[in-house]
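Structure assessment
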Amino acid sequence: MTLGSDHIAEFERNRMSPDPRPASAKSARSRTTGQWARKSVATFVYARLHNFAAICRQLSGDELTAFVNEARRILSDPVMKLGGEIAQRRPDSILAVFSNKPDTAKPDHAQRGLHAAILAVYEAVQLAVRFAGRSPNMPMLTLAVGVNLGPAEISGRGTRTNGMVHAVGEAVEIARLLEVTASDLRWSVAASARTLRAAAGRAEAGRIGSVGPPDDSFIDIVEITGLVPRKGSKTPPQMYQMLRDAIALNEQGFDPPLDMPMAGHSHPGTPAATHFLIEGYRILRQIGAGGMATVFLAETKDGGAPQVLKIMRLDSISGDDGLQRFIQEFALLAQVDHPNVARIFRQDFSAGHAYIAMEYFSGGDLRARLREQIDLPTAISYLKQIAAGLAAIHAAGIVHRDLKPDNLMLRHDGSLALADFGIAKQVSMLMMDTSHGDVVGTPSYLSPEQAQGQVVDSRCDLYSLGVLAFEMLTGRKPYEAASTQAMLELHISGPMPVLGPPNEMLQPVLDRLMAKDREQRYACAQALIDDLAQRGF
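For clarity, every value in this text was computed on a predicted model and none was experimentally measured.

What to know about the pairing of strand β11 (residues 293–300)
Counting buried residues in β11 gives six out of eight residues, a clear majority hidden from the surface. For strand β10 (residues 281–289) and β11, the ladder comprises seven bridges, and the chain directions are antiparallel. Across the sheet, Arg285 pairs through a bridge with Leu297, a residue of β11.

Spelled out as structure tokens, the structure:
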């Protein structure tokens with residue numbers, strides 16, 4: 001039988017439907033589920049051929065029939081060979097279930113599921129090579145596979161004439177989501193980390209990442225790059241190398257490269273798009289959230305100290321300003337290498353998000369530290385460290401513009417670093433140049449020139465440092481007001497705050513830091529450090 005255009009159209013209609021069976025069959029199944037359905041832990045494999053329909057359109061006659069039949073075989077044979085069961089089969093995809101075997105002492109379904117996924121990729125590459133170049137515009141056939149272990153309701157064993165089962169549950173949907181993830185990351189096989197652990201060393205792992213399902217949780221994922229021989233295996237080593245080579249070749253065929261996938265990217269019949277997808281990191285937990293970004297604690301595949309991922313959804317940005325500020329934060333910090341400035345490691349885009357990887361501070365921020373009494377030596381130490389960090393960024397032409405306790409971070413050893421350069425500005429940088437008259441910053445710590453919307457320079461940071469110094473020494477802010485406007489007026493024309501005993505010897509320092517006229521402030525942060533040293537601090 002020759003598969004013509006009508007068959008292709010039927011295939012595409014089926015592919016858009018979440019369940020190709022008629023409603024009557026689904027209803028009958030649901031009425032009898034209680035008799036033969038059971039919930040069990042299994043490994044679910046969802047594999048989908050990419051560019052299948054596009055290739056079909058360019059083939060005809062016997063070639064088309066051979067291609068479709070061979071595609072069906074390469075999806076089904078690895079499943080059956082390794083003792084799996086088919087839960088859904090379409091011309092371009094398959095959902096398979098691997099469960100415990102009754103005669104197996106230890107569960108091996110994760111090993112068999114990953115093995116089947118690897119074999120399917122190998123077979124898909126052989127098919128792609130056979131049909132490559134049949135016409136000038138023919139795309140490359142590739143296979144993306146998602147593998148996940150977890151509990152699901154499996155039904156229909158022994159009752160279905162076609163030998164298929166029915167599987168539903170979160171674990172199944174995650175396997176589908178991981179197929180989308182594999183495609184987005186240009187991996188051949190994406191598996192949940194728990195699946196790899198359960199496989200007990202049977203599969204080789206490559207890159208790592210984290211994927212966020214629609215429920216706002218996150219799942220650690222790994223790239224599967226090969227199969228590990230069983231102990232005592234007589235299979236020639238070159239066979240395992242052929243599997244690795246096929247996986248690598250399959251990854252090269254994903255087209256186009258998704259350097260910045262759009263938010264909401266998904267394929268028909270799959271769950272909603274991921275909330276975030278970060279390759280190279282294992283997400284540990286969420287540690288904060290702001291107006292545009294969510295902050296996670298993460299670790300890299302290479303180990304070492306944990307890092308902070310600051311992640312921003314691209315579809316949550318109105319206009320270009322937010323994204324430019326996010327990009328600018330990395331551009332600014334990457335220029336500075338100083339112990340009192342937060343270290344930044346990487347900036348990239350992934351699956352509809354922009355993210356920055358930066359240093360993690362186990363001591364939290366200065367705001368939390370201010371809830372306790374800070375003694376004079378500690379306050380002076382913090383003051384000098386902040387000044388040293390400011391001197392470093394000012395030397396690079398950067399003005400922070402939002403110096404406050406929340407943006408000053410503490411390491412485990414007690415050292416302090418400037419962080420959060422979201423509204424920082426480089427004097428020589430044109431992007432994100434704030435219009436004259438705009439007020440940018442946090443009202444309690446704003447300099448008079450910021451409060452008036454004037455052009456700022458590095459001395460506005462010194463005024464904010466004076467506010468911080470007063471708060472560290474006294475435990476309270478220098479100005480309190482009932483409204484933002486009233487607070488701004490105090491910064492512009494309010495009386496100079498006064499330090500009482502035992503800190504009155506620092507009043508001259510405070511007077512220079514918080515001078516209303518910036519010409520009367522310290523010329524630079526290093527001048528403050530030098531003055532403190534002359535005063536014996």
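Overview of the environment of Pro306
Note on placement: Pro306 falls in the loop between β11 and β12 (307–313). Assessed through its relative accessible area of 32%, Pro306 is described here as partly exposed. Contact partners of Pro306, with chain neighbours within four places excluded, come to Leu297, Ala298 and Tyr360.

Here we look at the packing of helix α11 (residues 376–395) against helix α16 (residues 525–534)
The geometry of α11 relative to α16 is characterised by a closest axis approach of 8 Å and an angle of 150° between their N-to-C directions. The pairing of α11 with α16 is recorded here as roughly antiparallel in orientation. Both α11 and α16 take part in a crossing whose hand is left-handed. For the pair α11 and α16, contact is made by Leu383, Lys384, Ala387, Ala388, Leu390 and Ala391 and by Ala525, Gln526, Leu528, Ile529 and Leu532, respectively. Here the contact of α11 with α16 is built from residues that sort into nine nonpolar, one polar and one charged.

Some points on the confidence of the model for the protein
Looking at the protein as a whole, its pLDDT mean stands at 81, while 77% of the residues score no less than 70. The low-confidence segment residues 1–35, where pLDDT is below 50, has 39 contacts with residues more than four positions distant or belonging to other chains. This stretch, residues 256–275, has a pLDDT under 50; its non-local contacts, to residues over four places away or in other chains, come to 49 contacts.

Digging into the packing of aromatic side chains
Scanning all chains against the criterion turns up three aromatic pairs. Taken together, the ring pairs connect Phe52, Phe67 and Phe131 into an aromatic cluster. Lying over the aromatic face of Tyr46, Arg176 brings its terminal NZ or CZ to 4.9 Å of the ring centre.

Quick notes on the pattern of salt bridges
Enumeration according to the criterion identifies 25 salt bridges in this entry. A salt bridge links Arg176 to Glu173, with the nearest nitrogen and oxygen atoms 3.8 Å apart. You can see Arg176 and its partner Glu173 sitting in helix α6 (residues 170–185), three residues apart, about one turn around the helix. The exposure class assigned to Arg176 is buried, which follows from its relative accessible area of 8%. Among the ionic pairs, Arg521 bridges to Glu449, the shortest N-O distance being 2.8 Å. Of this pair, Arg521 sits in the loop between α15 (507–513) and α16 while Glu449 sits in helix α12 (residues 448–451); the two residues are 72 residues apart in sequence, bridging distant segments of the chain. For the pair shown, Arg521 and Glu449 are each scored as buried.

Procedures and definitions
- Residues numbered from 1 in each chain as written.
- Predicted model: local features only at pLDDT ≥ 70, side-chain atom pairs only at ≥ 80, totals over all residues.
- Heavy atoms only, no water.
- Buried < 20%, exposed > 50% of the residue type's maximum accessible area, 1.4 Å probe, protein only.
- Helix = DSSP H or I, 4+ residues; strand = E, 2+ residues; numbered from the N terminus.
- Pairing = 2+ DSSP bridges.
- Contact = heavy atoms within 4.5 Å.
- Axes fitted to C-alpha atoms, helices over the stretch in contact; angles between N-to-C directions.
- Parallel < 35°, antiparallel > 145°, perpendicular 65-115°, else oblique.
- Left-handed = near helix turned anticlockwise from the far one by under 90°.
- Nonpolar A, V, L, I, M, F, W, Y, C, P; charged D, E, K, R; others polar.
- pLDDT = per-residue confidence, 0-100.
- Phe/Tyr/Trp six-rings, centres within 6.5 Å; stacked < 30°, edge-to-face > 60°.
- Lys NZ or Arg CZ within 6 Å of the ring centre and 35° of its normal.
- Salt bridge = Lys/Arg side-chain N within 4 Å of Asp/Glu carboxyl O.

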